[in-house]
Amino acid sequence: MRWSLLLLLLLATQVMADACRTGATPIAAVQGRGTQSPLLGRTVTVEGIITHDSRHSGGFRGFYLQQAAAETDDDPTTSDALFVFTDRKTGQPGDRVRVTGTVREYHGLTEIAAVQTLRLCGQGPMPPPVRLSHLWPGDPAPEHLEAMRVSFIEPLIVVENHNLHRYGELTLAPASQPAPTQVLSPGAGAAELLRQQQRQRLHLDDNRATRYPESLAWPAPEPWSSYGVRSGTRISGLTGILDYRFDGWRLQPQQAPVFHPTNPRAAAVEQQVAARPAGSNLRVLSLNLHNFFNGNGRDGGFPTARGAETGSQFADQRRRLVAALTAPDPDVIALSELENDGYGEHSAIAELAQALGQHWRFVRAGAEGGSEGERNGGDAIRNGLLFRADRIVPVSTPQQPGQGIWAGLGRPPLAQAFRPAGGGQAVRIVAVHLKSKSCRGASGANRDQQDGQGCYARRRERAAQTMIRWLDSLTDPGGLAGTLVTGDLNAYARETAITRFTDAGYTDLLRHFQGDSAYTYRYRGRSGTLDYSLASTGLADRVLQTTSWRINADESADLDYRGAVAVTGPWRSSDHDPLITDLAL
């Protein structure tokens, strides 16, 4: 009896296998050579090996099916895999299955949906991954690899981590990607570089369609797992399914990738702060505060127009900013995105000065005439200057351009001359924050000209020209070594707002000391300098070094004071990195 049952089982298995291996449509024929299946809308039957399963809770409700290696069409222009959209539970990775369903394109992904039958055909050898030496070799759109197993020989670099906590993904590229106008003059070349960079991206995904996953499919080792993975980190061991979802190519990993500490977060803050060079008697730090609004200044009044929404968020923001502003031990601090609420004891600037310590004072400024808000531009935010009164002496009075020359140009710059208390020449420090690239309200020449500069490039250029003329008109208070314009100019290194300064003889100190690879900001995976220290003719010879302190731009935006992750130290205290300039006066 036992032998009879075994014989029947073997015969049934053979019949099932024979039925499975006849009359199926090759997957390559379903995929075709274009971006859309030539069999779109038709009912087909395909067979292959389940290479990756996404039918778990929170997954993509289906699995990836690839033709067995011995059954491919050997055509490198067609993919041998596709996605099967189904909740049926038959089969697991390594099983051979036969599927009948309808071909459709789901936002660019070829798949079988409306599954009629899903039959198990036994097991088959897992197709080996296609080894890639470069990202999309010879083809900007790897349709011929869609849904297939791939393995990247060379490591890739994290260029964007904004969606790490939100969606469990990182954006990777073969190399760091600068903002086009960081390295190229505005124009068609910058626009083309932007398109090339976008084609050279891969999202390391977590095989989930859920927001804020509790854990990652590829847990990163310490110290990244606490705060997230920093941009600039190199990753190797990338093997998995090449997927297309949410307007981007993705890797659904099948093994844990290897994270290399190529851009580490130092264990101690002091390890990342550039030491003050010998001979320096003035250190200037500039930082965009990422909307420092202190409510009513009495631990209440939240939410405000910008910045922290609660008192606890503001306390976290203030704590991080104090850590970022004090660790480099500066003498003067130039600020932007500071609440424009006057200079009273409960103002934002007064609270920040008090938090920094007993020696800190702030500059009270305003052009002649008009209300205090008008004197500071009428914007919700303004520029500010803080200084160590035990080290630095203000020279003469603070100055701002009057509305007659600055009308329509946004937040006015703030200038103040300082001299080291121990002696030496004075330097005029100008805190500046030009109009952002946001397109809200842009019209005419201020609209995006598709040259890489974004919106309001014309206004930023006009502001630069006006500021240069205004600075040239100021009276020398005596013993002035020159002028240092520092802050957020919202323009990358080759844009017209910056070249107006360099054409007028100002030196871009960060590029001078660190080259085109320098950056203070990341936006959508691209790095560049929005923040500057620009030294007038003659002053550049007195600058010993200018550096960016990379505590913010490389960190995930989810780590800032509005996020849910507890962070100690200065990390992600802003979305810009502080800029540090040392002078010998």
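Refer to the structure presented above.
Residues numbered from 1 in each chain as written. Predicted model: local features only at pLDDT ≥ 70, side-chain atom pairs only at ≥ 80, totals over all residues. Heavy atoms only, no water.

**Describing the overall build of the protein**
The helix and strand tally for the protein stands at 13 helices and 28 strands. If one aligns the C-alpha atoms of the protein with their principal axes, the spans along those axes are about 110 × 45 × 45 Å. Counting over 585 residues, the protein shows a buried share of 54%. Here the protein contributes 60 positively and 60 negatively charged side chains, and the mean placements of these two sets differ by 1 Å. (Helix = DSSP H or I, 4+ residues; strand = E, 2+ residues; numbered from the N terminus. Buried < 20%, exposed > 50% of the residue type's maximum accessible area, 1.4 Å probe, protein only. Lys, Arg positive; Asp, Glu negative; His and termini not counted. Charge placed at Lys NZ, Arg CZ, Asp CG, Glu CD.)

**Notes on the packing of aromatic side chains**
Overall, the coordinates contain seven aromatic pairs when judged by the stated rule. With centroids separated by 5.4 Å and ring planes inclined at 90 degrees, the aromatic side chains of Phe-501 and Tyr-506 adopt a geometry described as edge-to-face. The ring of Phe-60 is capped by Arg-245, whose NZ or CZ atom sits 4.1 Å from the centre of that ring. The lysine or arginine in question, Arg-382, covers the ring of Tyr-343, its NZ or CZ lying 4.3 Å from the ring centre. (Phe/Tyr/Trp six-rings, centres within 6.5 Å; stacked < 30°, edge-to-face > 60°. Lys NZ or Arg CZ within 6 Å of the ring centre and 35° of its normal.)

**Some remarks on the sheet that holds strand S14 (residues 258-260)**
Reading across the sheet, the nine strands line up as S6-S7-S12-S13-S10-S9-S8-S11-S14 and stay open at both edges, with mixed pairing between neighbours. In this open sheet, the two edge strands, each paired with only one partner strand, are strand S6 (130-132) and S14. Strand-to-strand twist in this sheet, taken as the mean axis angle between neighbours without regard to direction, amounts to 40 degrees. (Pairing = 2+ DSSP bridges. Axes fitted to C-alpha atoms, helices over the stretch in contact; angles between N-to-C directions.)

**Points about the state of the cysteines**
For the structure shown, the criterion picks out two disulfides. Between the sulfur of Cys-20 and that of Cys-121 lies a disulfide, 1.9 Å long from S to S. Given an S-S torsion of about -85 degrees, the disulfide between Cys-20 and Cys-121 has left-handed geometry. Taken together, the residues span a long stretch of sequence, with Cys-20 in helix H1 (residues 2-20) and Cys-121 in strand S5 (residues 109-123) at a distance of 101 residues. Considered together, Cys-20 and Cys-121 belong to a single accessibility category, that of buried residues. One disulfide in the model links Cys-439 with Cys-455; its S-S distance is 2.0 Å. Looking along the S-S bond of the Cys-439-Cys-455 disulfide, the torsion reads about 90 degrees, which is the right-handed sense. One end of the pair, Cys-439, is in the loop between strand S21 (426-433) and helix H11 (457-473); the other, Cys-455, is in the loop between S21 and H11, with 16 residues separating them in the sequence. Overall, the relative accessible area of 43% leaves Cys-439 in the partly exposed class. Once the bonded cysteines of the protein are numbered in order along the sequence, the disulfide links fall as 1-2, 3-4. (Disulfide = S-S within 2.5 Å.)

**Some remarks on the sheet that holds strand S18 (residues 381-388)**
Ordered by their spatial adjacency, six strands build an open sheet running S17-S18-S16-S15-S28-S27, and the pairing between neighbours is mixed. Every other strand in the sheet has two partners, leaving strand S17 (360-362) and strand S27 (543-548) as the edge strands with one partner each. On average, each strand axis in the sheet is tilted by 20 degrees relative to the strand beside it, whichever way the strands run. Where S27 meets strand S28 (residues 579-583), five bridges bridge the pair, whose relative direction is antiparallel. Bridged to Thr-547 within S28 is Ile-580. The sheet strands contacting helix H7 (residues 311-326) are strand S15 (282-292) and strand S16 (332-339), and the helix crosses S15 at an angle near 165 degrees. (Contact = heavy atoms within 4.5 Å.)

**Regarding the packing of H7 against helix H8 (residues 348-356)**
Contact geometry for H7 and H8: axes closest at 10 Å, N-to-C directions at 55 degrees. By the angle between their axes, H7 is oblique relative to H8. Crossing of H7 against H8: the hand is right-handed. Facing Phe-314, Arg-318, Val-322, Leu-325 and Thr-326 of H7, the residues of H8 in contact are Glu-351, Leu-352, Ala-355 and Leu-356. (Parallel < 35°, antiparallel > 145°, perpendicular 65-115°, else oblique. Left-handed = near helix turned anticlockwise from the far one by under 90°.)

**Some remarks on the pattern of salt bridges**
Applying the stated criterion to the full structure yields 33 salt bridges. A salt bridge links Glu-169 to Arg-250, with the nearest nitrogen and oxygen atoms 2.7 Å apart. Of this pair, Glu-169 sits in the loop between helix H3 (164-167) and strand S9 (170-173) while Arg-250 sits in strand S13 (residues 248-253); the two residues are 81 residues apart in sequence, bridging distant segments of the chain. Linking Asp-331 and Arg-391 is a salt bridge whose minimum nitrogen-to-oxygen distance equals 2.9 Å. Of the two residues, Asp-331 sits in the loop between H7 and S16 while Arg-391 sits in the loop between S18 and strand S19 (392-399), which places them 60 residues apart along the sequence. By relative accessible area, Asp-331 is classed as buried at 2%. Residues participating in the shared-partner salt-bridge network are Glu-47, Glu-71, Arg-96 and Arg-98. (Salt bridge = Lys/Arg side-chain N within 4 Å of Asp/Glu carboxyl O.)

**A word on the side chain of Asn-383**
Its place among the elements puts Asn-383 in strand S18. Engagement of the side chain of Asn-383 in a polar contact is seen with the backbone oxygen of Pro-412, the distance being 2.9 Å. (Polar contact = N/O pair within 3.5 Å; in protein donor to acceptor, adjacent residues only side chain to side chain.)

**Observations concerning the pairing of S21**
With eight of its eight residues buried, S21 lies for the most part within the structure. The alternating pattern of S21 places Ala-426, Arg-428, Val-430 and Val-432 on one face and Val-427, Ile-429, Ala-431 and His-433 on the opposite face, and all of these are buried. Pairing of strand S20 (residues 414-420) with S21 involves five bridges; the strand directions are antiparallel. By the bridge assignment for S21, Leu-414 is matched with Ala-431. Here S21 runs beside strand S22 (residues 480-488); their pairing, made up of seven bridges, is parallel. Note on S22: the bridge partner recorded for Ala-431 is Thr-486. In the classification by handedness, the crossover that spans S21, the intervening H11 and the parallel S22 is right-handed. (Right-handed = clockwise from strand over helix to strand, strands pointing away.)

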